[in-house]
Amino acid sequence: MSSPIHFGTSGWRAVIAEEFTMANVRRAVGGIARHIVSTATDAPSLIVGYDPRFLSEKFAALAAEIAAQHGIHCYLSPEAVPTPTIAFAIRQRKTDGGINFTASHNPAEYNGIKFSMANGAPALPEVTRKIEAEIANPSPVALPASPAPIERADFRPAYLEDLAQKVNLEVIRSAGLRLVYDPLYGAGRGYLDGLLAQAGVPAVSLHGRRDVLFGGHPPDPADEHLGELRQAMAETGAHLGLATDGDADRFGILDEGGAFISPNHILALVLDYLIESRPWAAGGTWQGGTAKSVATTHLLNAVAAYHHIPLYETPVGFKYIGELIEQDKIILGGEESAGMTIRRHVPEKDGILACLLTAEMVASRRMSLAQQLEELFRKVGSYYPGRWNVPLTEPVKKQFIERSRQEYSSFEGRRVAKTDRTDGLKLVLEDGSWVLFRLSGTEPVCRLYCEAPTQKGLEELAAAARRFLFG
Ligand code: G16
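## Digging into the overall build of the protein chain
Line of reasoning, step 1. For the protein chain, the count of helices and strands is 15 helices and 21 strands.
Line of reasoning, step 2. Taking 2.2 N^0.38 as the reference for a compact globule, 471 residues should give roughly 23 Å; the C-alpha atoms of the protein chain span a radius of gyration of 22 Å, in line with that estimate.
Line of reasoning, step 3. The principal-axis extent of the C-alpha atoms belonging to the protein chain is close to 65 × 55 × 50 Å.
Line of reasoning, step 4. Residues counted as buried form 58% of the 471 residues belonging to the protein chain.
Line of reasoning, step 5. Here the contacts in the protein chain between residues at least 6 apart in sequence split such that 69% fall between residues at least 24 apart.
Line of reasoning, step 6. Summed over its atoms, the accessible surface of the protein chain is roughly 18400 Å², and 51% of this surface lies on carbon and sulfur atoms.
Line of reasoning, step 7. Charge separation in the protein chain, taken as the distance between the mean sites of 48 positive and 55 negative side-chain charges, equals 3 Å.

So, in structure tokens, the structure goes:
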């Protein structure tokens, strides 16, 4: 019996050779191909890409072959390609979707499939449910007598050209900002650094070659994996360290001196900066807001309130933010897991764009991120967010499910002002502090998110949340 293929928060992910096998990729891609054929009009087409993981290029070639056998014209990338670049290519070439072989920021033993829809956004649950059903119970299709073409296509130039219109590279160049970039051996290499080089911005790059073990740690731009970036910044006297994850849709930022700045804080700063610097974001007749997942900082709520713009809250998953970008309702959409996109850009998170906008903001304001954050806190109040992962053993899962079903009027002796079940269980306390518990859709962990107005308050809240959930 073959194991079920399930699309979680962001595609299907599995351990290579365990479940992520050629046989299962055939099943998964067959399901996607039948879905495309059943929904597309005539001459269906598909973008196929991959990140630099072990065997990714082989999986991608197999996927293109299967799709072509179903009569789908494939545009296959000749090299590792970021997920946001695939989103851009789908829109530019007007294909019926795109497949990226990637397990994103997950450890080296994983691979995965992200399926993006015809608008470039991550597939919505109603689409992945149909694909899962196609995989489980293939519907009969008549294959064409000869396969559709598989065309090699480089998606990089057009995507970089577009980014150069959206970011003010001249501001970065003329400020003389010294940058270091770490793609963490991922698909961002040659993209962010390539664009900076084209624009005449000197930047040092690390880990710009393929290593399927990602230097021994997951390609996740979290504080604990940015030690070499920090070191390179110290050696070169850099103002800013930029990083992207395995498929370059997430960002990681180190401030002058090497301090990690929470993606939550970056989102709020960039929103504030866009309103200040972009005519399309403020004034005029278009009145856009901002969107964030329910797990993301309330500093964004405060910035939205300060600028009198609407705030939209979504479950976790960038697909929901992608929808609001598509509806042209927001200036910026973001998630605490280091996801960001902006108005008129792809409805998918883009780590390269996020890094470049942050660099532009630092160059333009001529202040470190710590100084900018201090100023923002003075304007709208202070917010200290945190996130912890609890490995999902059976007892943890059972206890989590039991406790999250109950109603609570108090939390560890403090009154609960609001209960939010948009995704998991979120309890908002009277002073605006909050805790959220939910099961991850991409990893076998329970996520615990907290936020308080001070660092000390955050630590106390996190300790209380652990007691509450697992005590
Ligand atoms: C994916 C999704 C994000 C989500 C993140 C964490 O990121 O695209 O929208 O915030 O997973 O989700 P969860 O908490 O359910 O594991 P990526 O970069 O892995 O595609």
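Next comes the rest of the write-up.
## Quick look at the layout of surface pockets
To find leftover empty space, one rolls a probe the size of a water molecule over the atoms.
Line of reasoning, step 1. Looking at the largest pocket, its volume works out to about 870 Å³.
Line of reasoning, step 2. Forming the boundary of the largest pocket are 36 residues, of which A222, E224, F260, P263 and R387 lie nearest the centre.
Line of reasoning, step 3. For the lining of the largest pocket, the elements supplying multiple residues, two or more each, are α9 (263–277), β16 (384–391), β21 (445–452) and α15 (455–470).
Line of reasoning, step 4. In terms of residue count, β16 provides more of the lining of the largest pocket than any other element does, six residues in total.

## Quick notes on the domain arrangement of the protein chain
Line of reasoning, step 1. According to the domain assignment, the protein chain consists of domain 1 (12–154), domain 2 (159–260), domain 3 (263–380) and domain 4 (384–470).
Line of reasoning, step 2. At the interface, 15 residues of domain 3 touch 13 residues of domain 4.
Line of reasoning, step 3. For the domain 3 and domain 4 pair, buried surface summed over both sides reaches about 1100 Å², with 59% attributable to carbon and sulfur atoms.
Line of reasoning, step 4. Linking domain 3 with domain 4 are one salt bridge.
Line of reasoning, step 5. Of the charged contacts, one joins R387 and E336 as a salt bridge, the two residues approaching to 3.3 Å between their closest N and O atoms.
Line of reasoning, step 6. Connecting domain 3 to domain 4 are seven residue pairs in polar contact (both at pLDDT 80 or more).
Line of reasoning, step 7. Of all the secondary structure elements, the ones that give two or more residues to the side of domain 3 that touches domain 4 are α9 and β13 (311–314).

## Structural notes on the site of the ligand
Line of reasoning, step 1. Taken together, 21 residues lie near the ligand, and T9, E335, K349, S440 and T442 sit nearest.
Line of reasoning, step 2. Within the backbone of G441, one N or O atom sits 2.6 Å away from an oxygen atom of the ligand.
Line of reasoning, step 3. Relative to its unbound accessible surface of 460 Å², the ligand loses 99% to contact with the protein.
Line of reasoning, step 4. Of all the cavities here, the one that holds the ligand is the largest cavity.
Line of reasoning, step 5. A per-class count over the shell around the ligand returns three nonpolar, nine polar and nine charged.

## As for a nonpolar patch on the surface
Line of reasoning, step 1. Residues V37, V141 and L143 make up a contiguous nonpolar surface patch of about 220 Å² in total accessible area.
Line of reasoning, step 2. Here V141 is to be found in the loop between α4 (125–136) and β6 (150–152).

## Some points on the environment of F411
Line of reasoning, step 1. Assignment of secondary structure puts F411 in strand β17 (residues 410–411).
Line of reasoning, step 2. A relative accessible area of 1% means that F411 is categorised as buried.
Line of reasoning, step 3. The sequence separation of F411 and A465 amounts to 54 residues, and the corresponding C-alpha distance is 8.5 Å.
Line of reasoning, step 4. Beyond its immediate stretch of four places on either side in the chain, F411 contacts V416, L427, L429, V435, F437, L461, A464, A465 and F468.

## Considering the pattern of salt bridges
Line of reasoning, step 1. In the structure shown here, the tally under the stated rule is 26 salt bridges.
Line of reasoning, step 2. Here E134 makes a salt bridge to R34, at a shortest N to O gap of 2.7 Å. With E134 in helix α4 and R34 in helix α1 (residues 22–39), this residue pair connects regions lying 100 residues apart in the sequence.
Line of reasoning, step 3. On the accessibility criterion, E134 (13% relative accessible area) is buried.

## Section: empty space enclosed by the protein
Line of reasoning, step 1. Taken as a whole and judged by the stated rule, the model has one cavity of 30 Å³ or more.
Line of reasoning, step 2. Within this model, the largest cavity holds a volume of roughly 350 Å³.
Line of reasoning, step 3. Lining of the largest cavity is provided by 32 residues; of these, T9, S10, G317, K349 and T442 occupy positions nearest its centre.
Line of reasoning, step 4. Take the lining of the largest cavity: its biggest share by element is three residues, from strand β5 (residues 110–116).
Line of reasoning, step 5. Taken together, the residues of the lining of the largest cavity break down into seven nonpolar, 13 polar and twelve charged.

## What to know about the sheet that holds strand β3 (residues 73–76)
Line of reasoning, step 1. Judged by pairing direction, the sheet is mixed, and its six strands sit side by side in the order β1-β5-β4-β2-β3-β6 without closing on themselves. The outermost strands of the open sheet, each flanked by one partner alone, are β1 (12–15) and β6. If you compare each strand with its neighbour and ignore which way they point, the axes differ by 20° on average.
Line of reasoning, step 2. Pairing between strand β2 (residues 45–50) and strand β4 (residues 98–101): four bridges, direction parallel. Residue pairing for β4: I47 is matched across the bridge by G98.

## Side note on the pairing of strand β14 (residues 330–335)
Line of reasoning, step 1. Of all six residues that make up β14, six are buried, and the element is covered over most of its length.
Line of reasoning, step 2. Where strand β12 (residues 289–293) meets β14, four bridges bridge the pair, whose relative direction is parallel. Note that in β14 the partner of G289 across the bridge is I330.
Line of reasoning, step 3. As paired strands, β14 and strand β15 (residues 339–342) are joined by four bridges and run antiparallel to one another. Bridging across to β15, G334 finds its partner in M340.
Line of reasoning, step 4. Once β14 ends, the chain turns through three residues before running back antiparallel as β15, passing A338 with a positive phi of about 75°.

Calculation criteria
- Residues numbered from 1 in each chain as written.
- Predicted model: local features only at pLDDT ≥ 70, side-chain atom pairs only at ≥ 80, totals over all residues.
- Heavy atoms only, no water.
- Helix = DSSP H or I, 4+ residues; strand = E, 2+ residues; numbered from the N terminus.
- Rg over C-alpha atoms; globule rule 2.2 N^0.38 Å.
- Buried < 20%, exposed > 50% of the residue type's maximum accessible area, 1.4 Å probe, protein only.
- Contact = heavy atoms within 4.5 Å.
- Areas by Shrake-Rupley, 256 points an atom, 1.4 Å probe, with all protein chains shown as cover.
- Lys, Arg positive; Asp, Glu negative; His and termini not counted.
- Charge placed at Lys NZ, Arg CZ, Asp CG, Glu CD.
- 1 Å grid on protein atoms, 1.4 Å probe; cavity = no way out; pocket = protein on both sides within 12 Å on 5 of 7 lines; lining within 4 Å.
- Points joined across faces, edges and corners; volume = space filled by probe spheres on them.
- Domains from an automatic or database assignment.
- Buried area = accessible area lost by both parts, 1.4 Å probe.
- Salt bridge = Lys/Arg side-chain N within 4 Å of Asp/Glu carboxyl O.
- Polar contact = N/O pair within 3.5 Å; in protein donor to acceptor, adjacent residues only side chain to side chain.
- Near = heavy atom within 4 Å.
- Sits in = over half its atoms within 2 Å of the grid points.
- Nonpolar A, V, L, I, M, F, W, Y, C, P; charged D, E, K, R; others polar.
- Patch = residues over 30% accessible without salt bridge, like charges linked within 9 Å, V, L, I, M, F, W, Y side chains within 5 Å.
- Pairing = 2+ DSSP bridges.
- Axes fitted to C-alpha atoms, helices over the stretch in contact; angles between N-to-C directions.

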